[in-house]
Amino acid sequence: MAFRIDENGNITLFQGDNGTLFISGINTDKNYTIYLAIQDKNRQPVGNELQVNSNKASSVVFELTGDYTDLMTVPKNETCAVYYYGIKQCSDDGLEDTLLIGGSEIGYQNTITVFPKKVEGA
């Protein structure tokens, strides 16, 4: 599987491939809605934000489908394209917290490096 996540939370993948993103360290005091958003280099959203409920668990899983990662395109004259992502936990009482992924600090941009498809498949 060519969906890799390093210790800093940076992702590398082939456009159109599936992948699983595990997010841990979520507060367990409430049921939070956890959001995943991806942006291009111009801060434009890529696809819709994904969301999952924590159900008071300390971790959640985002399943990135091939259709979803296919939205991250690589220009024909480039070997790869870099996108950015963020994770936020929100509660029903209005609490919103952007999570720091891996060992990152505020201001660090978690990246998704996308390589072009090698094969189309089914």
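Everything that follows concerns the structure shown earlier in this document.
All values derive from a computational prediction rather than experimental measurement. (Residues numbered from 1 in each chain as written. Predicted model: local features only at pLDDT ≥ 70, side-chain atom pairs only at ≥ 80, totals over all residues. Heavy atoms only, no water.)

S.K.: Lay out the overall build of the protein chain in plain terms, naming residues and giving numbers.
M.R.: Scanning the protein chain from N- to C-terminus turns up 1 helix and 9 strands. Along the protein chain, helices (α) and strands (β) appear in the sequence β-β-β-β-β-β-α-β-β-β when read from the amino end. Since a compact globule built from 122 residues should have a radius of gyration of about 14 Å, the 15 Å found for the protein chain is in line with a globular shape. Principal axes of the C-alpha set define a box for the protein chain whose edges measure 45 × 35 × 25 Å. The burial tally for the protein chain puts 34% of its 122 residues in the buried class. Partitioning the contacts of the protein chain with sequence separation of at least 6, the portion at a separation of at least 24 is 67%. Across the protein chain, 9 positive and 16 negative side-chain charges occur, with their mean positions spaced 5 Å apart. (Helix = DSSP H or I, 4+ residues; strand = E, 2+ residues; numbered from the N terminus. Rg over C-alpha atoms; globule rule 2.2 N^0.38 Å. Buried < 20%, exposed > 50% of the residue type's maximum accessible area, 1.4 Å probe, protein only. Contact = heavy atoms within 4.5 Å. Lys, Arg positive; Asp, Glu negative; His and termini not counted. Charge placed at Lys NZ, Arg CZ, Asp CG, Glu CD.)

S.K.: Can you tell me about the nonpolar core, naming the residues and giving the values?
M.R.: Counting residues in hydrophobic clusters, the biggest one holds 26 residues, and the most contacted among them are Leu 21, Ile 23, Phe 62, Tyr 85, Ile 87 and Ile 112. Breaking this core down by element, the ones donating at least two residues are β2 (11-14), β3 (19-24), β4 (33-39), β6 (59-64), β7 (81-90) and β9 (110-115). Here this core gets 4 residues from one element, more than from any other, and that element is β7. Excluding anything up to four places from it in sequence, Ile 87 contacts Leu 21, Ile 23, Ile 34, Tyr 35, Leu 36, Phe 62, Asp 97, Thr 98, Leu 99 and Ile 101. (Core = buried A, V, L, I, M, F, W, Y, C linked by side-chain atoms within 4.5 Å.)

S.K.: Could you give an account of the layout of surface pockets, with specific residues and numbers?
M.R.: Taken as a whole, the largest pocket spans an internal volume of roughly 540 Å³. Surrounding the largest pocket, 22 residues form its lining, Tyr 85, Gly 86, Ile 87, Thr 98 and Gln 109 being those nearest its centre. Where the lining of the largest pocket is concerned, the elements lending two or more residues are β4 and β7. Tallying contributions element by element places β7 first for the lining of the largest pocket, with 5 residues. (1 Å grid on protein atoms, 1.4 Å probe; cavity = no way out; pocket = protein on both sides within 12 Å on 5 of 7 lines; lining within 4 Å. Points joined across faces, edges and corners; volume = space filled by probe spheres on them.)

S.K.: So what's going on with the pairing of β7? Which residues, and what values?
M.R.: Regular strands have side chains that alternate between both faces of the sheet. Across 7 bridges, the pairing between β4 and β7 is antiparallel. Its bridge partner lying in β7, Thr 33 is registered against Cys 90. In the sheet, β7 pairs with β9 via 5 bridges, with the strands oriented antiparallel. Note that in β9 the partner of Tyr 83 across the bridge is Ile 112. (Pairing = 2+ DSSP bridges.)

S.K.: Requested: an account of the pattern of salt bridges, with residues and values cited.
M.R.: Applying the stated criterion across every chain, the model contains 3 salt bridges. Two residues, Asp 70 and Lys 117, come together in a salt bridge whose shortest N-O distance is 3.1 Å. Placement of Asp 70 in the loop between α1 (66-69) and β7 and of Lys 117 in the segment after β9 is noted, with a sequence separation of 47 residues between them. Two residues, Glu 96 and Lys 88, come together in a salt bridge whose shortest N-O distance is 3.2 Å. (Salt bridge = Lys/Arg side-chain N within 4 Å of Asp/Glu carboxyl O.)

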